[in-house]
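Overview (structure and organization)
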Amino acid sequence: MEIAIIGGTGVYDPAMLTEKREIKVETPYGMITPVVGVFAGRKVAFLPRHGADHSVPPHRINYLANIWGLRRLGVERVLASAAVGSLNPQMLPGEVVIIDQFIDFTKNRPHTFFEGGEFGVVHTDFTEPYCPELRKVLLAAAEELGIKAHDGGVYVCTEGPRFETPAEIRMFAQLGGDLVGMTNLPEVVLAREAGLCYATMAIVTNFAAGIASGPLSHQEVVEIMAENSQRLQKLLNRALAIMPKERSCPCQKVAPPAEKIFEE
Ligand code: HPA
């Protein structure tokens, strides 16, 4: 496999793939069962982050197994989708944001492959957390399709599964956050640690708590994602089709040497 798509809320169906089959990949963290297939001559693995039936909440997702397993399959690049709330009046429900920074407010998730011991102490660079080449591909695909996509945005990741309080949202806005979600961390970090390029297309499903006119609901998020699923599918398809074959981004240079961790 060369490329993986990690589907967030509302993105469960690898419709574009041909020669589809579900496979099992054993990892030291448990098994994953991606659907693999072919699209635009590329071998693609598809993994719905919350499970095919959306049964896994954000704080229980086995991010370590997902990323380890994708690397095991030979994947070099990951495109992820994520439903987000917006704190930024310029980023409206229904719009796409190709995020470029994150702020991590998760509290209690396994969040690294590097736990010391025989692998040593490893500190990974996150000056440019998202692959600049993949971000460009997503932006170019959006432009070709006439889909409005913001170039850059700061994603604040909360622990969930509850939504935020208006006071938290005011704090995140003061800290420079644009969007809030529950799943981009530690996924983006583990991808970098594993030497994988990673980019996220965030879809604004709602204004965040206290900015929205009433209470938030998961149902509302699911509905907005369903309304946008065809656009997202088109965006993904186009991105896969125009993605250069070889990587020419700095991601691998800043990724730590990690071969040993990924040996079985
Ligand atoms: N908060 C956190 N996660 C979310 C939201 C939100 O408002 N909308 C979609 N995912």
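Model, not experiment: these values are computed from the prediction. (Residues numbered from 1 in each chain as written. Predicted model: local features only at pLDDT ≥ 70, side-chain atom pairs only at ≥ 80, totals over all residues. Heavy atoms only, no water.)

**Some remarks on the packing of helix α1 (residues 63-72) against helix α4 (residues 184-193)**
The test is simple: For helices, the fitted axis covers only the stretch in contact; all axes are lines through C-alpha atoms, and the angles between them, taken along N-to-C directions, range from 0 to 180 degrees. Numbering goes from the N terminus for both helices and strands, where a helix is a DSSP run of H or I of at least four residues and a strand is a run of E of at least two. Handedness of a crossing is defined here by the sense of rotation of the near helix relative to the far one, left-handed for an anticlockwise turn of less than a right angle and right-handed for a clockwise turn. Two residues qualify as a contact provided that any one of their heavy atoms is within 4.5 Å of a heavy atom in the partner residue. Residue polarity follows a fixed list, in which Ala, Val, Leu, Ile, Met, Phe, Trp, Tyr, Cys and Pro are nonpolar, Asp, Glu, Lys and Arg are charged, and the others, Gly among them, are polar.
α4 packs onto α1 with a crossing angle of 30° between their chain directions and a minimal axis gap of 9 Å. For the pair α1 and α4, the sense of crossing is right-handed. Contacts from Y63, L64 and I67 in α1 reach L185, P186, E187, L190 and A191 in α4. Its residues assigned to classes, the contact of α1 with α4 shows seven nonpolar, no polar and one charged.

**Notes on the state of the cysteines**
Heads up, the rule is: By disulfide we mean two sulfur atoms from cysteines, separated by a distance within 2.5 Å. When accessible area is computed with a 1.4 Å probe and restricted to protein chains, residues below 20% of their type maximum are described as buried, those above 50% as exposed, and intermediate ones as partly exposed.
Within the structure shown, the criterion is met by zero disulfides. With no disulfide of its own, C157 lies 19 Å from the sulfur of C251, the closest cysteine sulfur. Not part of a disulfide, C251 finds its nearest cysteine sulfur in C131, a span of 3.7 Å. By relative accessible area, which is 3% here, C251 ends up buried.

**A short note on the site of the ligand**
Here is the rule we go by: A single heavy atom is enough: if one lies within 4 Å of a molecule or strand, its residue is considered near that molecule or strand. We define a polar contact as two N or O atoms separated by no more than 3.5 Å, with the added condition that, inside protein, one atom must be a possible hydrogen donor and the other a possible acceptor, whereas residues neighbouring each other in sequence contribute only through side-chain atom pairs. Using a 1.4 Å probe, accessible areas were evaluated by the Shrake-Rupley method; residue-level cover was limited to the displayed protein chains.
Taken together, A83, V84, G85, F163, E164, V180, G181, M182, T205, N206, L216 and V221 are the residues near the ligand. Between the ligand and A83, the relevant distance is 3.3 Å, taken from a nitrogen atom to a main-chain nitrogen or oxygen of the residue. The backbone of G85 places a nitrogen or oxygen atom 3.2 Å from a nitrogen atom of the ligand. Here the ligand loses 95% of its free accessible area of 260 Å² to cover by the protein chains. Taken together, the elements giving at least two residues each to the shell around the ligand come down to β7 (77-86), β12 (179-181) and β13 (197-207). Considering only residue class, the shell around the ligand consists of seven nonpolar, four polar and one charged.

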